[in-house]
Amino acid sequence: MPYFVYILYSKKFDTFYKGQTKDLFERIRRHNSGLEKSTKRYTPWELLWYSEKSSRSEAMTLERKLKNLSKERLKKFIKKYS
């Protein structure tokens, strides 16, 4: 079963969120509905980038790498791979 790694952006707060999930569009709906405690106050979220991985371990590895990028490096990554 595929997993997705994704990057969301809150224009209102100029902040990014990086995550991974099995159901990308349901997860984004949950973020924008305020059902996720960690992202509730930053709604609305916009999907900027995502990638499909074949396993959860691959997705978690990429998510960890993205979370370690500075804001500037993350912007360059999105620009390069979008």
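Residues numbered from 1 in each chain as written. Predicted model: local features only at pLDDT ≥ 70, side-chain atom pairs only at ≥ 80, totals over all residues. Heavy atoms only, no water.

Draft legend 1. Layout of the overall build of the protein chain. Per the secondary structure count, the protein chain includes 3 helices and 3 strands. Going from N to C terminus, the protein chain has its helices and strands arranged as β-β-α-β-α-α. On C-alpha atoms alone, the protein chain measures out to a radius of gyration of 12 Å, which is about the 12 Å that the 2.2 N^0.38 rule sets for 82 residues. Reported as C-alpha extents along the three principal axes, the dimensions of the protein chain are approximately 30 × 30 × 20 Å. For the protein chain, buried positions account for 37% of its 82 residues. For the protein chain, restricting intrachain contacts to residue pairs at least 6 apart in sequence, the fraction spanning at least 24 positions comes to 56%. Surface summary for the protein chain: the accessible area is close to 5600 Å², and the carbon and sulfur share equals 50%. (Helix = DSSP H or I, 4+ residues; strand = E, 2+ residues; numbered from the N terminus. Rg over C-alpha atoms; globule rule 2.2 N^0.38 Å. Buried < 20%, exposed > 50% of the residue type's maximum accessible area, 1.4 Å probe, protein only. Contact = heavy atoms within 4.5 Å. Areas by Shrake-Rupley, 256 points an atom, 1.4 Å probe, with all protein chains shown as cover.)

Draft legend 2. Quick look at the packing of aromatic side chains. Counting across every chain of the model gives 8 aromatic pairs. For the pair Phe13 and Tyr42, a centre-to-centre distance of 5.3 Å together with 90 degrees between the ring planes defines the contact as edge-to-face. Residue Phe13 is located in the loop between β1 (3-10) and β2 (15-21), and its partner Tyr42 is located in the loop between α1 (24-32) and β3 (46-53); the two are separated by 29 residues in the primary sequence. A residue is classified by how much of its surface remains accessible, and Tyr42, at 19% relative accessible area, is buried. (Phe/Tyr/Trp six-rings, centres within 6.5 Å; stacked < 30°, edge-to-face > 60°.)

Draft legend 3. Quick look at the pattern of salt bridges. Tallied over the full model, the rule gives 6 salt bridges. Close ionic contact of Arg27 with Glu36 constitutes a salt bridge, the shortest N to O distance being 2.9 Å. A salt bridge links Lys67 to Glu63; its shortest N-O distance comes to 3.2 Å. Of the two residues, Lys67 and Glu63 both sit in helix α2 (residues 56-67), 4 residues apart, roughly one turn of that helix. (Salt bridge = Lys/Arg side-chain N within 4 Å of Asp/Glu carboxyl O.)

Draft legend 4. Structural view of α2. When the terminal C-alpha atoms of α2 are compared, their 16 Å separation across 12 residues agrees well with the 16 Å that a helix rising 1.5 Å per residue should span. Where α2 is concerned, the buried positions are Ala59, Leu62, Glu63 and Leu66. Mapping the buried residues of α2 onto a view down its axis gives an arc of 105 degrees, with all of them on the same face. Residues of α2 that are exposed and point over 90 degrees away from its buried face: Ser57 and Lys65. Contacts from the buried residues of α2 go to β1, β2, β3 and α3 (71-81). (Expected span 1.5 Å × (residues − 1). Arc of directions from axis to C-beta.)

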